[in-house]
Amino acid sequence: MSASIKQKAITILGSTGSIGTQTLDIVKDHPDKFRVVGLAAGRNIKLLAEQIRAFKPEIVATSYEDKLPELQNAIANLTNPPKILVGGEGVAEVARYGDSESVVTGIVGCAGLLPTIAAIEAGKDIALANKETLIAGAPVVLPLVEKHGVKLLPADSEHSAIFQCLQGVPEAGLRRIMLTASGGSFRDLPVEKLATVTVQDALKHPNWTMGQKITIDSATLMNKGLEVIEAHYLFGLDYDHIDIVIHPQSIIHSLIEVQDTSVLAQLGWADMRLPLLYALSYPDRIYTDWEPLDLVKISNLTFREPDHNKYPCMKLAYAAGRAGGLMPAVLNAANEQAVALFLAEKIEFLDIPRLIETVCDRFTTQNTPYPSLENILEADTWARRMVLESH
Ligand code: MG
């Protein structure tokens, strides 16, 4: 087996969010393995200042320029303060800074795309926790990954599971991907009740603790649809060979079928730290004191067919994925905007898929197979505006 890895320098984008704080938990537990070079966050300056004290990064950014005085104040008495930057360019500078080997991309939404590209161009490996990097950005990001010879290591539980199963499978050995889905907050609710669910209902995820946007995406199953597109770009299978199966216990994090029909699965408790750790330690395995999996305690693993009538977002995602080009970016932006409206209680739960479908339909004639980054960002802006105009 390989020797234990030397201390690895890492940077975290979105350090105060769910992905960021769980990554920092890992760093705290393994100070001999990981060192924090850079942190970037948004408005939660209080937590960012605590993180600066605890992890002593060399460089820090907040994406909000108006937060600069508050941040400077919060760390005024530090003897060795980090370099502080602001705005989107500040976050990108943190992403490309210094001797950091791996950048964890925990920024939610299309805002994560530009700093991720900055990190790739600076030769950093990416611990990929930002879905938009591939869903919207794949036509531009994948060639850059190739050009700069960096690794795109999935930190999402499903893609990490597939990636782990693929270790030792030869090129062209993969035949089918089975993505597992918990079913989200409404998995046991009859379809006719979905029309009247509230934001509070939707935010109660049965298995995972995650940010608000992704919890809503789990409730609509758009999260799984987006993961199908991501799996297509990460592992190169066509959409006919990527399936979704509902697995309420969230113990099997996904499976692969290889050419001889053998099926490989990765299992674990529903704990985001595990895929995050593997994205940072790959190809090594680091010992942890986390609770080992206990099959007898779980006792039942069950599976069912996803209900496409109850959850139209899955079909919308497959269709956008098959259309390719800019359509996944449009789907993603329309979804992000619709979810924001739902969280603000401006639209109903079932308006989310309705708005996304309207916007994707309207975009069909404008799609292009080989978009530039500028095209992607324009499509993103256009789709958001369309949702705001259509609701
Ligand atoms: Mg996931």
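It should be noted that the structure appears before, not after, this text.
## Considering the pattern of salt bridges
Opposite charge on two side chains allows them to pair when their charged atoms are near.
At step 1: Within this structure, the stated rule accounts for 28 salt bridges.
At step 2: Residues D240 and R322 are paired through a salt bridge, measuring 2.7 Å at the closest nitrogen-oxygen approach. Taken as a pair, D240 in the loop between α11 (222-235) and β9 (242-246) and R322 in helix α14 (residues 313-323) lie far apart in primary sequence, 82 residues in all.
At step 3: What makes D240 exposed here is its relative accessible area of 55%.
At step 4: Judged by its relative accessible area of 48%, R322 is partly exposed.

## Describing the pairing of strand β1 (residues 8-13)
Each regular strand carries side chains that alternate between the two faces of the sheet.
At step 1: The buried fraction of β1 is high, at six of six residues.
At step 2: Where β1 lies against strand β2 (residues 34-41), six bridges are found, and the strand directions are parallel. In the sheet register, T11 faces β2, and the bridge partner there is G38.
At step 3: The handedness of the β1 to β2 crossover, carried by helix α1 (residues 18-29), is right-handed.
At step 4: Bridge count for β1 against strand β5 (residues 102-105) is four bridges, and the pairing is parallel. Bridge pairing in β5 places I12 opposite V104.

## Regarding the coordination of the magnesium ion
At step 1: Around the magnesium ion, the protein supplies D156 (OD), E158 (OE) and E227 (OE) as donor atoms, at distances of 2.1 to 2.4 Å.
At step 2: Here the donor residues of the magnesium ion are spaced in sequence according to D-x1-E-x68-E. This pair shows no difference in class: D156 is buried, exactly as E158 is.

## Some remarks on the nonpolar core
At step 1: In this structure, I177, F235, I256, V330, L331, I352 and I356 are the most contacted members of the largest nonpolar core, which totals 123 residues.
At step 2: In this view, I256 contacts I162, C165, L166, V169, L174, R176, I177, M178, S262, V263 and L264; residues no more than four positions away in its chain are not counted.

## Brief notes about a nonpolar patch on the surface
At step 1: Together, L267, L293 and L295 give the surface a local cluster of nonpolar side chains, amounting to about 240 Å² of exposed area.
At step 2: Of note, L267 is situated in strand β11 (residues 263-267).
At step 3: Looking at L267, the relative accessible area reads 32%, which means it is partly exposed.

## Regarding the sheet that holds β11
At step 1: With mixed pairing, the four strands of this open sheet are ordered in space as β9-β8-β10-β11. A single partner strand is all that each edge strand has here, and the edge strands are β9 and β11. This sheet shows a mean twist of 20° between the axes of neighbouring strands, independent of strand direction.
At step 2: Looking at chain direction, strand β8 (residues 174-181) and β9 are connected through five bridges and run parallel.

## Quick look at the pairing of strand β10 (residues 252-258)
At step 1: With seven of seven residues buried, β10 lies mostly within the body of the structure.
At step 2: Sheet analysis places β8 next to β10, joined by four bridges and oriented antiparallel. Note on β10: the bridge partner recorded for L174 is V258.
At step 3: Here β10 pairs with β11 via five bridges, running antiparallel. Following the sheet pairing, I256 is matched in β11 by L264.
At step 4: Linking two consecutive strands that pair antiparallel, namely β10 and β11, is a turn of four residues; a positive phi of about 75° is found at T261 within it.

## Some points on the layout of surface pockets
At step 1: Roughly 540 Å³ of volume is contained in the second largest pocket.
At step 2: Residue lining of the second largest pocket: 19 residues in total, with F163, L166, E171, L234 and F235 positioned closest to the centre.
At step 3: Tallied by class, the residues present in the lining of the second largest pocket amount to 15 nonpolar, one polar and three charged.

## Topic: the sheet that holds β5
The strands making up a sheet associate through hydrogen bonds between their backbones, and the pairing can be parallel or antiparallel.
At step 1: Strand order in the open sheet made by the seven strands is β4-β3-β2-β1-β5-β6-β7, with parallel pairing throughout. At either end of the open sheet lies a strand with only one pairing partner, and these are β4 (83-86) and β7 (152-154). Between one strand axis and the next, the sheet turns through 25° on average, direction left out of account.
At step 2: Sheet topology note: the β2/strand β3 (residues 59-62) ladder contains four bridges and is parallel. When the sheet's bridge partners are listed, A40 is paired in β3 with A61.

## Concerning the packing of helix α10 (residues 212-220) against helix α15 (residues 327-343)
At step 1: Packing of α10 against α15 brings their axes to within 10 Å, and their N-to-C directions diverge by 100°. Here α10 is positioned roughly perpendicular relative to α15, judged by the angle of their axes. Between α10 and α15, the residues in contact are Q212, K213, I216 and D217 and N335, E336, V339, F342 and L343, respectively.
At step 2: Classifying every residue of the contact of α10 with α15 gives four nonpolar, two polar and three charged.

Criteria and thresholds
Residues numbered from 1 in each chain as written. Predicted model: local features only at pLDDT ≥ 70, side-chain atom pairs only at ≥ 80, totals over all residues. Heavy atoms only, no water. Salt bridge = Lys/Arg side-chain N within 4 Å of Asp/Glu carboxyl O. Helix = DSSP H or I, 4+ residues; strand = E, 2+ residues; numbered from the N terminus. Buried < 20%, exposed > 50% of the residue type's maximum accessible area, 1.4 Å probe, protein only. Pairing = 2+ DSSP bridges. Right-handed = clockwise from strand over helix to strand, strands pointing away. Donors = N, O, S within 2.8 Å, 3.2 Å for Na, K, Ca; no water. Core = buried A, V, L, I, M, F, W, Y, C linked by side-chain atoms within 4.5 Å. Contact = heavy atoms within 4.5 Å. Patch = residues over 30% accessible without salt bridge, like charges linked within 9 Å, V, L, I, M, F, W, Y side chains within 5 Å. Areas by Shrake-Rupley, 256 points an atom, 1.4 Å probe, with all protein chains shown as cover. Axes fitted to C-alpha atoms, helices over the stretch in contact; angles between N-to-C directions. 1 Å grid on protein atoms, 1.4 Å probe; cavity = no way out; pocket = protein on both sides within 12 Å on 5 of 7 lines; lining within 4 Å. Points joined across faces, edges and corners; volume = space filled by probe spheres on them. Nonpolar A, V, L, I, M, F, W, Y, C, P; charged D, E, K, R; others polar. Parallel < 35°, antiparallel > 145°, perpendicular 65-115°, else oblique.

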